[in-house]
Structure formats: C-alpha cells, structure tokens
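Below, each chain spelled out in residue letters.
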Amino acid sequence: MKDFKAQKAPAPAKQGGLNPEIQARIGHQLRAMYDDVVRQGVPDRFAELIRKLDVPGETPTSGHIEGRE
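Each chain carries its own residue numbering, running from 1 in the direction its sequence is written. Per-residue local features of the predicted model are confined to residues with pLDDT of at least 70, and side-chain atom pairs are confined, for both listing and counting, to 80 or more; whole-chain, interface and lining totals are unaffected and use all residues. Water and hydrogen atoms play no part in the side-chain values, which are based on all heavy atoms of the structure.

A. Structural view of the overall build of the protein. Across its full length, the protein carries two helices and zero strands. The cut-offs for exposure are 20% and 50% of the maximum accessible area for each residue type, with area from a 1.4 Å probe on protein chains only; residues under the lower value are buried, those over the upper are exposed, and the others partly exposed. Within the protein, the fraction of its 69 residues that count as buried is 1%. Surface exposure here means Shrake-Rupley accessible area, sampled with a 1.4 Å probe, where a residue is shielded only by the protein chains that are shown. Carbon and sulfur atoms form 57% of the exposed surface of the protein, whose accessible area is close to 7,600 Å². Each helix corresponds to a stretch of at least 4 residues labelled H or I by DSSP, and each strand to a stretch of at least 2 residues labelled E; elements are numbered beginning at the N terminus.

What follows is the structure in structure tokens.
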C-alpha cells in the first residue's frame, strides 16, 4: 500500500490584480480627495440634527421635516 501525504493545493493565480505602483497611485489620489472632504467639517444644520437625535426620550411627533412645507 502506498503512503499518501496530504498535499497543499497550489494557490490560485491572481487575475486582474493591480501592480503595487498603480495601487499606490490610486491610494494617494483617494486620500487627497477624501482629506479635502474631511477638512470641510460637518455643516451646522447636520450638527443640529445630530444633537437633536442624541437627546434621550425625544421622538418625532409627525412626519414633518424641518424646513419643508
């Protein structure tokens, strides 16, 4: 009887992968774009809505959206 040892299957070949240089360039461009968005901060009206949501026990009383008629 032949002794069979467990063999590791070969790793699948990468298909459609980007080389490290392209990945680095994409990463740099994404960081530059999103850093600008992060620096803009939260608009006052959104900050006010968040504060209202943080108040415990308060629930909306109607389907009315503030600022809309």
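B. Up close: the packing of aromatic side chains. Pairing of aromatic rings covers Phe, Tyr and Trp, the last counted by its six-membered ring, and requires centre-to-centre distances within 6.5 Å; plane angles under 30 degrees mean stacked, over 60 mean edge-to-face, and any other angle means tilted. Evaluation of the coordinates by the stated rule reveals zero aromatic pairs. Here the guanidinium or amino end of R45 rests over the ring plane of F46, the centre of that ring lying 5.0 Å away. Geometrically, a lysine NZ or arginine CZ counts as sitting over a ring once it is within 6 Å of the ring centre and also within 35 degrees of the ring normal.

C. Seen up close, helix α1 (residues 20-40). Compared with the 30 Å implied by 1.5 Å per residue over 21 residues, the 31 Å span of α1 between its first and last C-alpha is a close match. Whenever two N or O atoms come within 3.5 Å, that pair is a polar contact, provided that in protein one can donate a hydrogen and the other can accept it, and provided that, for residues adjacent in sequence, both atoms are side-chain atoms. Capping of α1 at its N-terminal end is provided by N19; its side-chain oxygen lies 3.0 Å from the backbone amide nitrogen of E21. Remark: G41 follows α1 within two positions and exhibits a positive phi of approximately 80 degrees. A helix is expected to reach a length of 1.5 Å times the quantity of its residues less one.

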